[in-house]
Amino acid sequence: MTLLLLLGGFVLLVGGGEALVRGAASLGRTVGLSSLIIGLTVVSSATSAPELAVSTGAALSGSPGLALGNVVGSNIVNILFVLGLTAIFGALVVKVQLIKIDIPIMIGFSVIALLMALDGNISTLEGSILIGLLVVYLAVTVVLARRQTVREREASSPEETFDVDRAVGGGSVKLTKGLRTTKARSIILDLVLLAGGIALLVVGAQMLVSAATSIALSLGVSDLIIGLTIVAIGTSLPELATSVIAALRGERDMAVGNLVGSNIFNIGAVLGLTAIISPLGVEVASAAVNFDLPVMIATAMVLLPLAFTSQAIGRLEGLVLVGLYSAYVVYLVLYAAGHAALQPFSSAMLWFVLPITGLWITALVGYEVGVMRTRRAARAEQPADSADPGTSQLGTTGPGHSDPGGSKTGRTGAP
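Residues take numbers from 1 onward in each chain, read along the sequence in its written order. It should be noted that, the model being predicted, local features are given only for residues of pLDDT at least 70 and side-chain atom pairs only at 80 or more, the latter also being counted only at that level, while totals for whole chains, interfaces and linings use all residues. To obtain the side-chain values, all non-hydrogen atoms of the structure were included, while hydrogens and water were left out.

A. Representation of the overall build of the protein chain within the structure. When its secondary structure is counted, the protein chain shows 14 helices and four strands. A burial count over the protein chain gives 45% of its 415 residues as buried. Should any heavy atoms of two residues lie within 4.5 Å, those residues are counted as being in contact. Within the protein chain, counting contacts between residues at least 6 apart in sequence, those at least 24 apart form 79% of the total. We count a stretch as a helix when DSSP gives it H or I for four or more residues in a row; a strand needs E for two or more, and each element gets its number in order from the N terminus. Using a 1.4 Å probe on the protein chains alone, a residue whose accessible area is under 20% of its type maximum counts as buried, one over 50% counts as exposed, and one in between counts as partly exposed.

B. Representation of helix α11 (residues 252-277) within the structure. Between the first and last C-alpha of α11 there are 36 Å, a value that for 26 residues agrees with the 38 Å anticipated at 1.5 Å per step. By definition, a residue's bend is the angle between the axes fitted to the seven residues ending there and the seven starting there. The sharpest bend along α11 measures roughly 35 degrees and falls at Asn266. The buried fraction of α11 amounts to 22 of the 26 residues, a majority that puts the element mostly inside the structure. A helix is expected to span 1.5 Å for every residue after the first.

C. Structural detail: the side chain of Glu126. Of note, Glu126 is situated in helix α6 (residues 124-156). Judged by relative accessible area, which is 18%, Glu126 ranks as buried. Nitrogen and oxygen atoms within 3.5 Å of one another constitute a polar contact, given that in protein one can donate a hydrogen and the other can accept it, and given that sequence-neighbouring residues count only through two side-chain atoms. In terms of polar contacts, Glu126 uses its side chain to reach the backbone amide nitrogen of Ser123, at 2.9 Å. The residues touching Glu126, leaving out its near neighbours within four places in the chain, are Met116 and Asn121.

D. The nonpolar core, seen in detail. Residue types Ala, Val, Leu, Ile, Met, Phe, Trp, Tyr and Cys, when buried and joined through side-chain atoms within 4.5 Å, form a set referred to as a nonpolar core. By size, the foremost hydrophobic cluster in this structure holds 84 residues, and its most contacted members are Ile122 and Val260. No other element matches the twelve residues that α11 contributes to this core. With sequence-adjacent residues up to four places away left out, Val260 is seen in contact with Leu40, Leu98, Asp102, Ile103, Met106 and Leu303.

E. The packing of aromatic side chains, seen in detail. For Phe, Tyr and Trp, where Trp contributes only its six-membered ring, two rings pair if their centres lie within 6.5 Å, and the inter-plane angle classes them as stacked under 30 degrees, edge-to-face over 60, or tilted in between. A complete count under the given rule lists four aromatic pairs for this structure. Measuring from centroid to centroid gives 5.6 Å for Phe81 and Tyr325, while their planes differ by 45 degrees, and the two rings are tilted. Of this pair, Phe81 sits in helix α4 (residues 65-88) while Tyr325 sits in helix α13 (residues 315-337); the two residues are 244 residues apart in sequence, bridging distant segments of the chain. Assigned by exposure class, Phe81 and Tyr325 land together as buried.

F. Just the environment of Ile245, in detail. Within the secondary structure, Ile245 is located in helix α10 (residues 237-248). Taking C-alpha positions, Ile245 is 8.8 Å from Thr86, a pair spaced 159 residues apart along the chain. Leave out the neighbours within four places in its chain, and Ile245 touches Val14, Gly17, Glu18 and Val21.

G. Looking closely at the environment of Leu134. Position of Leu134 relative to the elements: it lies in helix α6. The spacing of Leu134 and Ile264 is 130 residues in sequence and 7.5 Å in space, taken between C-alpha atoms. Not counting residues within four places of it along the chain, the set of residues in contact with Leu134 comprises Phe109, Ile264, Phe265, Gly268 and Ala269.

H. Structural view of the packing of helix α12 (residues 286-308) against α13. Throughout, an axis means a line fitted to C-alpha atoms (over the contacting stretch in the case of helices), and angles, computed between N-to-C directions, take values from 0 to 180 degrees. The contact between α12 and α13 brings their axes to 12 Å, and the two run at 170 degrees. Regarding the angle of α12 to α13, the classification is roughly antiparallel. Where α12 abuts α13, its residues Phe291, Asp292, Val295, Val302 and Leu306 lie against Glu317, Leu321, Tyr328, Tyr331 and Leu332. Partitioned by chemical class, the residues of the contact of α12 with α13 number eight nonpolar, no polar and two charged. The cut-offs work like this: below 35 degrees is roughly parallel, past 145 is roughly antiparallel, 65 to 115 is roughly perpendicular, and the gaps in between are oblique. Amino acids outside the nonpolar list (Ala, Val, Leu, Ile, Met, Phe, Trp, Tyr, Cys, Pro) and the charged list (Asp, Glu, Lys, Arg) are all regarded as polar, and Gly is one of them.

I. Broad picture of helix α5 (residues 96-117). With 22 residues, α5 should reach 32 Å at 1.5 Å per residue; the first-to-last C-alpha distance of 31 Å fits that figure. Residue Asp102 marks the point of greatest curvature in α5, where the axis turns by about 35 degrees; the proline Pro104 follows within four residues.

J. Region of the structure containing a nonpolar patch on the surface. Residues Val111, Leu115 and Leu118 make up a contiguous nonpolar surface patch of about 280 Å² in total accessible area. With respect to the element layout, Leu115 can be found in helix α5. Patches in this entry comprise residues that are over 30% relatively accessible and not in a salt bridge; like charges within 9 Å are linked, as are nonpolar side chains (Val, Leu, Ile, Met, Phe, Trp, Tyr) within 5 Å. Exposure was quantified through the Shrake-Rupley algorithm and a 1.4 Å probe, taking into account, for residues, occlusion by the shown protein chains and nothing else. Each reported salt bridge corresponds to a side-chain nitrogen of Lys or Arg within 4 Å of a carboxyl oxygen of Asp or Glu.

K. Molecular detail of the environment of Phe81. By relative accessible area, which is 18% here, Phe81 ends up buried. Between the C-alpha atoms of Phe81 and Ile233, which are 152 residues apart in sequence, the distance is 8.6 Å. Those residues in contact with Phe81 that lie beyond four places of it in its chain are Ile76, Ile233, Leu240, Val322 and Tyr325.

L. Geometry of the confidence of the model for the protein chain. For the protein chain, mean pLDDT is 76; residues scoring 70 or higher make up 78% of the total. Per-element confidence in the protein chain is highest for α5, whose mean pLDDT is 91, and lowest for helix α7 (residues 164-168), whose mean pLDDT is 45. Note that residues 158-173 has pLDDT below 50 and, in this model, 36 contacts with residues that lie over four places away or in other chains. Each residue carries a pLDDT score, the predictor's own confidence in it, on a scale running from 0 to 100. Every residue in residues 387-415 is under pLDDT 50, and counting partners more than four places away or in other chains gives 38 contacts.

Structure, rendered in structure tokens:
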């Protein structure tokens, strides 16, 4: 029965992620929002349902301190493990909006959470502030996206018409094309897919966590290790299923937007609502202030330079992220167990692995900055070169463009 529960959980996760991605992608096309915006708003809030359920349940049961660990752990898992594993399936496209706006906002929310936790408690007032900041962020994101869509639509066509083929294209459900005869029917169908996908994701995650916990206990694994691994990853399974399926379906910007938006939603809504529900706020342990919250901030900051390079997160970068998460879990297990290997492992991470990773990221950013400067110089020289018939070919030879001999200059960026 446990194995059947495990298998059923995986099936529901895949089915729920499929329905959620298809419905969200079609809804975005129908209402005129990009996959990125849908991922940052609708999909991210939906996939954070398990975290919200766990945190509010902990607050109502008199254990609000669990909420902070749930949020911090899930945010670390989302960036290091889920994003890394998704990138291994294929390079993820990172839109400029994410680099300039959304990832810095995610870092800002993480820093605010740490500042609020410095006194050992996140009060009801601070929880209200977090929810207020989230509402402002969502409202501004949707309004700016709608304005951009209207400008693009006015520039291309003066009339707005509902195109069934456009609504059901890409990652949507072609079998339901006959039901999408009007815009209203298409939106209703997409909302049904979203609701069904959310329900399947939540139930599937619960089944999978329950089965994995039973298997771990039967093998003699401690509750601590179960909490550090199975439960932490289990509440992030909806994000994992949705992001991987979105990447496989070609909605690569939705995959990244889902994880960034989910981290913002976890801090703003999950932690904020838990602080409001709990009469005494959310208790914060000193270990969380000294270690886990700074790790969450560092994880969020690492994503920015990785996303900046070529505006994509490739397979190698995904492997590095998964490796860092594995090292993080190993450290927590060794620390909790008081194992003798903790000291050499910590020294190796502190003086070897982390510095090399930092140098690698710095080299990537430096290379990208050099490529950008070369492109600017090429664009600046283009009018003068094109004016000279003898050098007109240089005007089209830049990063990502082939010269007459078939060679390429610079590093090709993502679309």
